Every structure is written in structure tokens, then in C-alpha cells.
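Observations on chain architecture
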Amino acid sequence: MLKLIWWKIFRVILWFAIGLLLADLIYRFGVELITVPSASMEKSIPVGEYVWINKLIPGPRINPNKPNIYFRLPGLRKIKRNDVIVFNFPDADTVVIDRKDESYHFLKRQYPDFDRLLGSGKWGEISNLEVKKRPRIIKRVIALPGDSITLFEGDILINGNRIPEEKSVIRLYKWTSDNETLEKYTEQLELTPFKKNNSFYLELTSHQIESQLKLGDYCKRELFELNFPDPNIFPFKTSTGWNADFMGPFYLPKKGDEVRLNHDNIALYFRLISTFEGNKITLKNGKIEINGKITGTYKFKLNYYWVMGDNRPHSFDSRYWGPVPENHIIGIVKLRRARL
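For the structure given in this document, a descriptive report is provided here.

Cut-offs used in this document
- Residues numbered from 1 in each chain as written.
- Predicted model: local features only at pLDDT ≥ 70, side-chain atom pairs only at ≥ 80, totals over all residues.
- Heavy atoms only, no water.
- Helix = DSSP H or I, 4+ residues; strand = E, 2+ residues; numbered from the N terminus.
- Contact = heavy atoms within 4.5 Å.
- Polar contact = N/O pair within 3.5 Å; in protein donor to acceptor, adjacent residues only side chain to side chain.
- Pairing = 2+ DSSP bridges.
- Buried < 20%, exposed > 50% of the residue type's maximum accessible area, 1.4 Å probe, protein only.
- Arc of directions from axis to C-beta.

**Side note on the environment of aspartate 155**
Structurally, the position occupied by aspartate 155 is in strand β10 (residues 155-158). When the C-alpha positions of aspartate 155 and glutamate 165 are compared, they lie 8.4 Å apart, and in sequence the two are ten residues distant. Discounting residues that sit within four places of it in the chain, aspartate 155 has contacts with Thr150, Arg162, Arg171 and Arg221. Reaching out from aspartate 155, the side chain makes a polar contact with the side chain of arginine 162 at a distance of 2.8 Å.

Below, the structure written as C-alpha cells:
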């Protein structure tokens, strides 16, 4: 009788252990439920909504912290343009302990006295994070490995061809008509205009501009000026003349590509080669040295993707920190649940 009781207890424990193991395997290699932390994907995915990450589509990743031996198990298909993906934030290889939600590299560019602020103890210490421990972000894939991307007047060109964007993409528009008309549209369409420099602005989707009461007749897209460089835009060199609406072309390396390096393009690939692929790169007397050897080319170990949020005025994306390495990608958003 006692043996029978212990056998039943053992079976319960065994099935419980198997259940935990299966749950862990599903979490690590199958699907996962997360909540959207920011508004960068409005109106496609509202902040606070829960989404399922499907890791089986690109294939579960193995050894993402080690680019030399990183690989993926076979996936259901390759990542496509316009896929919405979840990935570890590439800019979070280094973080400030007391400001973990902000990019260390962005803070360093923003504050000339950055080292003093760290030394004063106001921001805490610096920490290095492995790939899997970096914060998770949701964005839309805009360009794939092997693509050349250009932004012109805020529109996206891939390999020289303008591509259509999702109807849910939000852009900033300046109101060009009278206040009475604005009030009428605000009431009819439940818009939320805001005032800046004595002008009114609206954040609107392509669908709203094209289909609702000829709204586009009263608005003008707000853009940065051509050749007006922004030092906070990738690759953080004003000599490029790039800003959030005018940038490129930039070639996204694919695994196995051997890219020529020179003084003009080294800023574009410096972080990819050093931080993401684990090489020591230095510039000496106008020459490029990788792992102690002077070279004019580099063969990439990883694929790279360009991502952007649908809510363009409020998206901190590849425009501001560069491409996403393949080993940072967790999975693709396929199913959604309403906010709980």
C-alpha cells in the first residue's frame, strides 16, 4: 500500500517536472507573450497591448552573445520586409545603471559633460549587458540584408525604388488652413492638434490623409530640410548631411558580404564590426586596422536589418542608432491580444 502511494506521488512529481520542462522549452524556443512598452507602433499596435512572439518563424537563436558561434535552428521562413519583429535593443550593449531605459550612447552624445555626470554619482555606474539581457523593442522591418536604403522627404527607397508604406504609419503635418476649419475637422474626426511656434500640427496616418474628407488639402507634411544634418542621426557625422527625413544610401550587409572600407564609409560600419561582431578596429594615419592588421575590406559574420516604428514622430529606431544585427532578433509578432 505504501509503495503504491509513493508511486502515485512520484508520477505526480514526474508529470509536474515534464510540464515545467515543456513550458520552459516553449518559452525559450517557441512562443512568448509580452506587452508593448511604448507608443512607437501606434496605430498598428497600441501601447499596453499584449502580443505573441513567434520564435519558430525565424528559428530559435543559439549563442546570440557570441557572434563567432551564433546560429539559428531551422525556421519556418525568412524574415520579410514589413514583418513586425521583437528584438533586443542593439544600443544597450552599455547602460547607465540609474537610466537603464535610455541609450547610453545617445546620452553620451547629448551631454558634453557626460563623464562629469557619471563621476558625480548622479547617474550611477556603467554596466555592460549581454545580448539576451538587453531591453526588448518592437519595430517594423523596412530593409533586409543586401538592401540599400535611402530616405528622401521621409519616404523610403529600397535599392533606388520608392516602396509603399503601411496605411497605419503616422507622420507629422502642419495645418495650412484657418482655425475655423481646423475646429470642424477636430470635432468630426476626433483629432488632437497641438500648437508650436504659433502654428498648429497634427499627427496623421496615410489613411487619414488620403480618405477622410480630403484632409490632405489642408495639411503639409512637416520635414527636416535637405542637407541640414542632425548629429543624433546614424552614423552621427554631420559631414553626411543626414537627418531623420533625408539619409542614405546605406548598404545593409548580409552574412558573407565582403564590403570595401574607406575613410568615407567607416563610420557606417564601425560599430557593426567592433561591437556586434567582436573585432578590435582602429584608425591610424588614415588607414583601417582590424585585429592588428591593416585592411581595406571586411567580411561580415551576421545579417543586418533596418527597422522603424509606424509612429514616425515618436519612434526611436534605426534612424537614430543604426541597423539590427540578426542575433538580436527574438521573433516575429503574429498574434495580438487586447489590453488586459
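Now that the structure has been shown, the text picks up again.
**Some thoughts on the sheet that holds strand β16 (residues 247-251)**
Hydrogen bonds between backbone atoms are what pair the strands of a sheet, whose relative direction is either parallel or antiparallel. Pairing is antiparallel across the open sheet formed by four strands, whose spatial order is β11-β10-β9-β16. Of all strands in the sheet, those with a lone pairing partner are β11 (161-162) and β16, marking the two edges. Sheet topology places strand β9 (residues 148-152) next to β16; three bridges connect them, and they run antiparallel. Across the sheet, leucine 151 pairs through a bridge with methionine 247, a residue of β16.

**Some details on the pairing of strand β18 (residues 281-284)**
Examined bridge by bridge, β18 and strand β19 (residues 287-290) share four bridges and lie antiparallel to one another. From the neighbouring strand, isoleucine 281 faces β19, where its bridge partner is isoleucine 290. Here β18 folds back onto β19 in antiparallel fashion, the turn holding two residues, of which asparagine 285 has a positive phi close to 50°.

**Examining helix α4 (residues 179-189)**
Of all the positions in α4, only Thr181, Leu182, Tyr185 and Leu189 are classed as buried. In an axial view of α4, the angular spread of the buried residues amounts to 100°, which keeps them on one side of the axis. Structural note: α4 exposes Glu180, Glu183 and Glu187 on the side pointing more than 90 degrees away from its buried face. Contacts made by the buried residues of α4 are with β12 (170-175) and β14 (199-205). The N-cap of α4, judged by a side-chain oxygen 3.1 Å from the amide nitrogen of glutamate 180 a few residues on, is aspartate 178. Once α4 finishes, glutamate 190 follows within two positions and takes phi at roughly 55°, a positive value.

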